[in-house]
Structure formats: C-alpha cells, structure tokens
Amino acid sequence: MDLTALRNTHPDHWFKAAAIRTLTLDAVAAANSGHSGMPMGMADVATVLFEKHLKFDASTPDWPDRDRFILSAGHGSMLLYSLLHLTGYSDMTLEELKNFRQWGARTAGHPEYGHAKGIETTTGPLGQGISNAVGFAIAEEIQRARYGAKVVDHYTYVMAGDGCLMEGVSQEAIGLAGRHELSKLIVFWDNNNITIDGTVDIADRTDQAARFRASGWDVHEIDGHDPVAIDAAIVAAKKTNMPSMIACKTHIALGHAAQDTPKGHGALTDKAQLQAAKEAYGWTWGPFEIPAEIKAQWEAIGRRGAGARADWEARFAGLPASKQAEFNRIYAREVPKRLSATIRALKQQMSESTPKIATRASSEKVLEVINPIMPETVGGSADLTGSNNTKTGDLGIFMPENRKGRYIHYGIREHGMAAAMNGMVLHGGVRPYGGTFMCFTDYARPAMRLAALMKIPTVFVMTHDSIGLGEDGPTHQPVEHLAISRATPNTWVFRPADTIETAEAWELALMSKETPSVLSLTRQNVPTVRTTHTGKNLTAQGAYVLAEAEGKRQAILLATGSEVSIAMAARDILQAEGIGTRVVSMPCWELFEEQPEAYRKRVLPGGPVRVAVEAGIRFGWDRWLFGERGRREKSGFIGMHDFGASAPAEVLYEKFGITAEATAAKVRGLLGL
C-alpha cells in the first residue's frame, strides 16, 4: 500500500490518524505487551467517525444523549485510549497512556467499564461488545419512544473484528438487531483477514456481508483507509431504517513490517521496525509526543459536540419538573420511594393467604406490582415466557411497531439476551431482567460474568432450578449451577423459599446499583413458610432463623428454596422426638457473608449438629457446615451427588433421598441416636 499517496491526498486526516497509530506503538512498546495492529488498521475509520459524526462532548462525558462508541475488538484498546486522550477526556492523561497495562492504570489491557469516562463497556471477550451494543440500541429506541426525540436521539457505533464475528453470540446479536430494525446501530467490521493463527480462511469462509444482509442489515463495503469513502458510508448508514454494517477493508498494522501478517495482531515492540513505521507515516516526533497543532485539532473534535449538548440541556430543562426528576432518578439507578411499601404490602398479603405456588409464579406476582411503578423495567425471556413467568400484562411487546413495549422476545438466544441486557444497563435509563432455565445459565455465563466484573445490576431470572422440574430429565436439571453462580465474585444468588422471600429478593435486586442478581426459582409448587408478617427484609441478611428449636437446641438445619419446606417438615419429626431443631433459611449466601460476625454467630452458633438441605451438589456448603463454628464430624449434607434423572419430581426427591425423613435420619446419626 502506498502510504505516501494516502498522506499526500488527505494530509490533515492522515496526521490525526497517525497520532493514534504512533501512540499505540509507543504504549505497547513501553508495556512490552499489547495489541498494536488493530488500532493501526482502524485509525482512519476512528478519525472520520470522531471528527465528522460522533455526537459527544469530552468535557461532559456522561451526557445522556451522547452517541455511544463501543470497541468490541477490545484487544485494540489503545485505539480507544488514544481517542480519549487526544479529544481531551480529563482522566485519560498522557501519563495513563505511558502506564498502559500497568498496575493501577486506567489503561487496562482490555477496556474496562468504570476505569475511565468514555469506556462504555468492558470488552475483550470477543463478541461481547457487539452484543452489548444491541442492548444499547434497544434502550435508546425505548427511551426515544417514551421521552421523544428531543430528549433521546442518538446512535450506537461499534468496531468489531473477525474474532467478534466468529463468536457464536454475534449471530444471536445480529439476528436480534435485524429483527427489531435497530436503525441507530452502526457496526464497523475491521475486515483485515488476519487472526492470531493465520489468515481467516484457515478457519472460516463465511461471506460476512451476505450474513448480515440475510439477518436484516444494510451493508456497505468500503476501503477502510479512504476517509471520503468512510464518511460517505456513515452518511448512508444513517439514512436506512435497518441496522448497518460497514465492511472496512483494512491492513492490520498498517505501515509496519508486520503489516498483513498474524504477527501484526500482537505486540510490535522491535525498536527499528517501530521507527521505520513512524518514518513511513512521516512522523518525526519522539515517543508519546503529539505536536501541538495536531493535539489542538483533536481537542477541537472533542469540543465539537458542546453546542449540541448545551441545546439538549436547554430542552431537558424545559420538561416538566416531574419528568426531569423521573429521568434523573432512573439514570441514577434509584428505585421509586414507594417500592418498599409496595413489596411490604404484597408480603403481608402472601403471609396471610399462604399460597402454595412455584417461586417462578411468585416472581410473576411480584413483577405484577413492581412493573407498574417502575417504568424503567424491561422484561424478556429466551423463548420461555410462559415457563419463566417474566411477562406481566402491562408491559406490551417491544417491536418496530411498538417501541414503547417493555417486553422482549429474545428467541432461543440466552447468551445474546444476557449480553443485550448488560448493554441496556450500561446505556442507562433501563432496568432489564430476562429469563431462561437455570440449567441454561451455561449459555449465558460469559455475559453474566461480565455483569459481575463491570459491577452492573443486571437481573437474571433462572427458573426450573433443580430436579424439581421433573420429567425433562438431567439435560435440563441443574445440579452444579448454583455452585457455579455462587463462585462468581460480585454476584447475588437468590434462592427464595416462598413468595415472601421472592418479593424480598426482587426488592434487593432492583435496589442494587453495582451487583447483578441471579434469581433461582422453582418449577414445582412450594408452601408458604413465612406465615408471620414482618416489614423487615429478612432476605437482606442473607440467612435468618425461620423456626427456633423448642427445648434444648441440638440441631440446625440449613436450607434454601424448595428444600426449606423439607427442612421444616424434618424439624417437625425431630421436635416430636424431643430433639430441639432450628431451621435457618439461607436465600442468599453472599449477603449472609457480608453480615457482622455477631449476627452470623447468632444464626449459626457453635454446638448443635448441622445438616444442609439443597437439591444441588454439596460444593460450597462446607463453608457453613464446618466453618462458622461448625465441626466436620458433626455436619452432614442432604442433596445431589450426581446428575438427575427423568421422572416426576416427587419420585426424584424420594429416589435421591432429599426428604424430611432422610434429613431427620441424618441428624439422628450425627447425634449418635
């Protein structure tokens, strides 16, 4: 490729783009680690986008109506960091770039949400960014319909590479976006034909343009180094009523000796080759040195949106005060003041009527009172609406014909659903929840992990949470999934025993600002175990004494979810035999761990034998059985030790020994009776 011709044809553009390339080379060399090639290849696209199209104001990076820019190919993080520094984001200093990939720096190896303004989502696991972007675009559509285009009207731009498009989740996202005609979503495909192992054709022969077209996208194919063609493609993409993919034919590691090779993907640190690349760019300045004129041009780009932002603020100020307050409340992730009273009223009603229903049905009852008072909730399911009980009558279906709809049919796309929900939370103004079977958290796991990593309160509604789902058998019966979810840092796993605990779990999940929640809910009916009303949210303590021992306390039964009623029945058996037995309901281990030592000691004192009852594997339970003042030789577990089987639920519980009688027998054995 003739770099001299490119430089001479568009010199102003060229040197602005070269600033991105040289900062990338310098930062990766300083760290002796990183990925140079993608930022070098996509610098032209980024320059045109930021200079001519992206609506943003570097001085007010959280402006709600800004365009969103998502770097799905997160390994190319220096592209984003360079753009943020050049355009004048105050927290992306030159020193941060010099400390690329170092301890405590904002410039992590892959972009991490929360480290710096302008990083809209955490990317790096390929396919996540483009899938998050679908959620961003859905959130924008819903809010534009609700507040009007004078308040919400912006684009979501994404840069994705071959790796993003090879990941299966990308098709889930692309199909969802195409079906919903998300015309404010524009994806730039870095079509450089290079992966780590070699050229793309060693592993893939997909016609990506045809794939996007088949999924309902508008497609443009351009030279990714021609600023005129880039600009024209973006202009055209904005005019369509479909999401757009712009296939940008680029050269990875443009101008470097490693150009168009797999080596160009990674860290280009050879000093002589680095210097030769800079000379090819016509760049005569030193490491991390940006000439004042070029920096000033970039900073002007960073200020370009200030007028639009000021105009938006004026329009927003013209809204009724109540509308402004609601908008600000929702973006601050604050719940309405009447949520707690609404939950308390439902709890009292349920403790008095004592229904015997599945906790998935309990969840629907809770949503029926929550959704009318929280207009920001957006529900959905991965083609299991009737099973997950996630839809309430007031929501309406989100479709191109009804952008005010608050319920999304995601189709059989668990991973895409979870990633899109993360995008909605990150966009702001929406509190999404989505359902599937607990077993299929396996399909959603990468996005669930990123929700925890990003500290965002996505709500994952996971029903059919044990062998209690019955005849569908071990392919659908989760046994290890509670343990997997509990092993994930910064995740609240709620397994409520009845409608009251389910209501409390929902209240906590919606009040959370930084922790995602997994609601593990039953298919089978369970009795109400909280029959005495209390206004206090006991689930917030993680575990609590549900039933105290009568007489001398000799045993403590610990249980969650559908097994709490089994523990209560076992207590009846033991108490009738004169064995004082306490039952502790443990709807959320993580919140119990956060309680003061004194409280945990009151709930789990030393002395009595302990038996845990849960229709999952034992993994994790020893923390409570012989930690927290317990003893190994005085503890036992009633639950699963292998996969389940296909049979009615009540048969499975009997055959696998998860019964009140087996629990009582375990206690007797530990007591030597």
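Source: prediction; values computed, not measured. Residue numbering note: each chain is counted from 1, following its sequence as written. Residues qualify for local features only when their pLDDT is at least 70, as the model is predicted, and side-chain atom pairs are given and counted only at 80 or more; totals for whole chains, interfaces and linings, by contrast, use all residues. Computation of side-chain values: all heavy atoms of the structure, hydrogens and water removed.

1. A few points about the packing of helix H15 (residues 339-353) against helix H21 (residues 499-511)
Then comes step 1: Fitted lines through C-alpha atoms serve as axes, helices being fitted only where they are in contact, and the angles separating the N-to-C directions of these axes extend from 0 to 180 degrees. Only DSSP runs of H or I covering at least 4 residues are called helices, and only runs of E covering at least 2 are called strands; the numbering of each starts at the N terminus. Two elements in contact, H15 and H21, have axes separated by 9 Å at closest approach and are oriented at 170°. The angle between H15 and H21 places the two elements in the roughly antiparallel class. Taken together, the residues of H21 that come into contact with H15 (itself represented by Leu-339, Ser-340, Ile-343, Leu-346, Lys-347, Met-350 and Ser-351) are Thr-499, Ile-500, Ala-503, Glu-504, Glu-507, Leu-510 and Met-511.
Then comes step 2: Class assignment of the residues belonging to the contact of H15 with H21 gives a composition of 8 nonpolar, 3 polar and 3 charged. Angle categories: roughly parallel below 35 degrees, roughly antiparallel above 145, roughly perpendicular from 65 to 115, and oblique for all the rest. Contacts are assigned to residue pairs that have any heavy atoms within 4.5 Å of one another. Amino acid classes used here: Ala, Val, Leu, Ile, Met, Phe, Trp, Tyr, Cys and Pro are nonpolar; Asp, Glu, Lys and Arg are charged; the rest, including Gly, are polar.

2. Some thoughts on the sheet that holds strand S15 (residues 609-617)
Then comes step 1: Ordered by their spatial adjacency, 5 strands build an open sheet running S12-S14-S13-S15-S16, and the pairing between neighbours is mixed. A strand with exactly one partner marks an edge of an open sheet, and here the two such strands are strand S12 (544-547) and strand S16 (635-640). The average undirected angle you get between the axes of adjacent strands in this sheet is 25°.
Then comes step 2: At least two DSSP bridges between two strands are required for those strands to pair. When strand S13 (residues 553-559) meets strand S14 (residues 580-585), the two strands line up parallel, connected through 6 bridges. Bridge assignment links Ile-556 to a residue of S14, and that residue is Arg-582.

3. A look at the environment of Gly-435
Then comes step 1: Along the chain, the position of Gly-435 falls in strand S8 (residues 431-437).
Then comes step 2: Taking the C-alpha atoms as reference points, Gly-435 and Ser-387, 48 residues apart in sequence, are found 8.9 Å from one another.

4. So, the side chain of Thr-24
Then comes step 1: When you line up the elements, Thr-24 lands in helix H2 (residues 11-31).
Then comes step 2: Categorising residues by exposure relies on relative accessible area from a 1.4 Å probe, with only protein chains included: less than 20% of the type maximum marks a residue as buried, more than 50% marks it as exposed, and the intermediate range marks it as partly exposed. Take Thr-24: its relative accessible area is 0%, and that puts it in the buried class.
Then comes step 3: The contact partners of Thr-24, leaving out residues within four places of it in the chain, are His-35, Ser-36, Pro-39, Met-78, Leu-79 and Ser-82.

5. Here's the deal with the nonpolar core
Then comes step 1: By size, the foremost hydrophobic cluster in this structure holds 66 residues, and its most contacted members are Met-159 and Phe-188.
Then comes step 2: It is H2 that contributes the most residues to this core, 10 residues altogether.
Then comes step 3: Contact partners of Met-159, with chain neighbours within four places excluded, come to Met-38, Met-42, Val-45, Ala-46, Phe-69, Ile-70, Leu-71, Ser-72, Ala-73, Leu-79 and Phe-188.
Then comes step 4: We define a nonpolar core as any set of buried Ala, Val, Leu, Ile, Met, Phe, Trp, Tyr and Cys residues linked to one another through side-chain atoms lying within 4.5 Å. One finds Phe-212, Met-424, Met-448 and Leu-450 within the second-largest nonpolar core, a separate group that totals 54 residues.

6. Regarding the pairing of S16
Then comes step 1: Of all the 6 residues making up S16, 6 are buried; the element is thus mostly covered by neighbouring parts of the structure.
Then comes step 2: The sheet contact formed by S15 and S16 spans 6 bridges and is parallel. The partner of Ala-612 across the bridge, within S16, is Phe-637.

7. Considering unusual backbone geometry
Negative phi is the rule for most residues except glycine; trans is the rule for most peptide bonds.
Then comes step 1: The phi dihedral of Phe-288 is positive, around 60°, even though this residue is not glycine.
Then comes step 2: One can find Phe-288 in the loop between helix H11 (271-281) and helix H12 (292-303).
Then comes step 3: In this structure Phe-288 comes out as buried when scored by relative accessible area, which is 11%.

8. Topic: the state of the cysteines
Then comes step 1: Note that a disulfide, as used here, is simply two cysteine sulfur atoms within 2.5 Å. A complete count under the given rule lists 0 disulfides for this structure.
Then comes step 2: Sulfur of Cys-164: no disulfide; nearest cysteine sulfur belongs to Cys-248 and is 13 Å away.
Then comes step 3: Cys-164 sits in the buried class, given a relative accessible area of 1%.

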